[in-house]
Amino acid sequence: MRVHVVDHPLVAHKLTVLRKRETPSMIFRQLTEELVMLLGYEATRDVAVEPVTIETPVTTTTGTRLARPRPLVVPILRAGLGMLEGMVKMAPSAEVGFLGMARNEETLDIVTYAERLPADLTGRHVFLLDPMLATGGTLVEAIRFLYERGAARVTCLCLLAAPEGIARLEESLGDMEVDLYLAALDERLNERSYIVPGLGDAGDRLYGLAE
Ligand code: URA
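Calculation criteria
- The numbers attached to residues start from 1 for each chain and follow its sequence in the written order.
- Given that the model is predicted, a residue must reach a pLDDT of at least 70 before its local features are reported, and side-chain atom pairs must reach 80 or more before they are shown or counted; all residues, however, enter totals for whole chains, interfaces and linings.
- The basis for the side-chain values is all heavy atoms of the structure; hydrogens and waters are excluded.
- Buried Ala, Val, Leu, Ile, Met, Phe, Trp, Tyr and Cys residues that are joined via side-chain atoms within 4.5 Å together make up what is termed a nonpolar core.
- Each residue gets one of three labels from its accessible area relative to the maximum for its type: buried under 20%, exposed over 50%, partly exposed in between, using a 1.4 Å probe on protein chains only.
- Here a helix means four or more residues in a row that DSSP labels H or I, a strand means two or more in a row labelled E, and each is numbered from the N terminus.
- Residues are counted as near a molecule or strand when any one of their heavy atoms sits within 4 Å of it.
- Think of a polar contact as two N or O atoms within 3.5 Å of one another; within protein, one of them needs to be a possible hydrogen donor and the other a possible acceptor, and neighboring residues in sequence only count if both atoms come from side chains.
- Side-chain classes follow a simple rule in which Ala, Val, Leu, Ile, Met, Phe, Trp, Tyr, Cys and Pro form the nonpolar group, Asp, Glu, Lys and Arg form the charged group, and the remainder, Gly included, forms the polar group.
- Pairs of residues are marked as contacts when any of their non-hydrogen atoms sit within 4.5 Å.
- Axis definition: a line fitted to C-alpha atoms, limited for helices to the stretch in contact. Angles are taken between N-to-C directions and run from 0 to 180 degrees.
- Note on angle classes: values under 35 degrees are labelled roughly parallel, values over 145 roughly antiparallel, values of 65 to 115 roughly perpendicular, and the remainder oblique.
- Each crossing is labelled by how the near helix is turned from the far one, with a counterclockwise turn of less than a right angle marking it left-handed and a clockwise turn marking it right-handed.
- For this analysis, a salt bridge means a side-chain nitrogen from Lys or Arg found within 4 Å of a carboxyl oxygen belonging to Asp or Glu.

Explanation requested: the nonpolar core in the structure shown.
In globular proteins that are soluble, nonpolar side chains generally tend to be buried together. In terms of nonpolar packing, the biggest core is built from 35 residues, with Leu18 and Leu157 touching the most fellow members. Elements supplying a minimum of two residues to this core: α1 (9-19), α2 (25-43), α3 (84-90), β8 (125-129), β10 (153-161), β11 (178-185) and α6 (202-207). With 29 residues, the next largest nonpolar core counts Ile76, Leu99, Phe145 and Cys158 among its residues.

Quick look at the structure:
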C-alpha cells in the first residue's frame with residue numbers, strides 16, 4: 001500500500017479548524033468538501049486520460065478527457081457522504097456508486113447493508129471515500145468487495161488515519177494494490193477506537209448529532 005499524506009499549508013490550516021470541538025456542522029461540512037478537493041487533486045494526478053479532438057473558436061485541436069470507463073467515486077455510508085461533493089467537483093465526469101457498511105455489534109463482522117454499484121467493475125479506477133481510517137475493518141472489507149467485483153485499481157481518500165488502521169490494511173490486503181491519501185496521520189486509537197487527537201465522530205459532526 002502506498003500512503004500519501006498531503007503536506008500543504010492549506011490542508012493543515014483547514015484540518016486544524018475541522019478538528020476544533022466548537023466548529024459547527026455547517027463549517028465542518030464546508031471544510032470537509034474543501035479538504036476533499038485538495039486531497040482529490042493529488043489523488044487524481046495519474047488518473048487515466050485519453051485524447052479528444054475539439055474545436056476552439058480559432059481552430060481544431062487535441063485536448064484531454066478522463067478515459068473510459070469513467071472513474072467511479074464510492075462514498076462509504078454514512079460519513080463518506082460528506083466527502084462526495086468535494087470529489088465530484090474535482091472530477092465531474094466520474095460516476096458515483098454507494099456502499100453502506102457497518103459492524104455487527106454481536107459478531108463484530110463488517111456487514112454490507114446497502115450497495116449501489118455497477119455489477120461489473122472490470123477496468124474501473126475506484127475512488128473510495130471514508131473520512132476516518134480507525135481500526136481499518138470497514139475499509140479492508142470495502143476494498144475487498146471492489147476488487148472482487150473486478151476493479152482495476154482502488155484509491156482511498158481519508159481525512160485522518162491511525163497507525164493501527166494502516167497496519168491492519170497492510171496486513172490484510174495481500175497483493176491488492178491500494179493508494180491511500182490522507183490530510184494527516186494521527187498518533188493512535190484510544191480505548192473506544194477513536195482516532196487521537198482526531199476530530200471526534202465524523203458522521204455526527206457532519207450531520208449535526210454532536211450539537
Ligand atoms: N470514526 C470516527 O468518526 N471517528 C473516529 O475517531 C474513529 C472512527
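That shown, we press on.
Can you help me understand the site of the ligand in this one?
In the vicinity of the ligand, the contacting residues are Met132, Ala134, Ser193, Tyr194, Ile195, Gly200, Asp201 and Ala202. In the environment of the ligand, a nitrogen atom lies 2.7 Å from a nitrogen or oxygen atom belonging to the backbone of Gly200. One of the backbone nitrogen or oxygen atoms of Ala202 is found 2.7 Å away from an oxygen atom of the ligand. A class-by-class count of the residues in the shell around the ligand yields five nonpolar, two polar and one charged.

What is the right way to read the side chain of Thr155 from this model?
Relative to the helices and strands, Thr155 is located in strand β10. With relative accessibility at 0%, the residue Thr155 sits in the buried group. A polar side-chain atom of Thr155 sits 2.8 Å from a polar atom in the side chain of His125. Thr155 has contacts with Ala43, His125, Val126, Phe127, Leu128, Asp179 and Tyr181, leaving out every residue within four places of it along the chain.

Hey, could you run me through the packing of α1 against α2 in this one?
The axes of two packed helices give the description: the angle between them and the distance between them. Axis separation between α1 and α2 bottoms out at 10 Å; the angle between their running directions is 155 degrees. In terms of axis orientation, α1 runs roughly antiparallel to α2. Handedness of the α1/α2 crossing: left-handed. Contacts between α1 and α2 involve Leu10, Val11, Lys14, Leu15, Val17 and Leu18 from the first element and Phe28, Leu31, Thr32, Glu34, Leu35 and Leu38 from the second. Among the residues making up the contact of α1 with α2, the classes are represented as nine nonpolar, one polar and two charged.

Is there a simple way to think about the packing of helix α4 (residues 137-148) against helix α5 (residues 163-172) in this case?
Contact geometry for α4 and α5: axes closest at 9 Å, N-to-C directions at 35 degrees. Remark: the crossing between α4 and α5 carries right-handed chirality. Contacts between α4 and α5 involve Gly137, Leu139, Val140, Ile143 and Arg144 from the first element and Arg168, Leu169 and Ser172 from the second.

I keep staring at the pattern of salt bridges and nothing clicks. Help me out?
Close approach of charged atoms allows side chains with opposite charge to pair. Summed over all chains, the structure comprises 14 salt bridges. Close ionic contact of Glu177 with Arg2 constitutes a salt bridge, the shortest N to O distance being 3.1 Å. Of the two residues, Glu177 is situated in the loop between α5 and β11 and Arg2 in strand β1 (residues 2-5); the sequence distance between them amounts to 175 residues. Judged by its relative accessible area of 39%, Arg2 is partly exposed. Look at the salt bridges and you will find they share partners, linking Arg2, Asp46, Arg153, Glu177 and Asp179 into a network.

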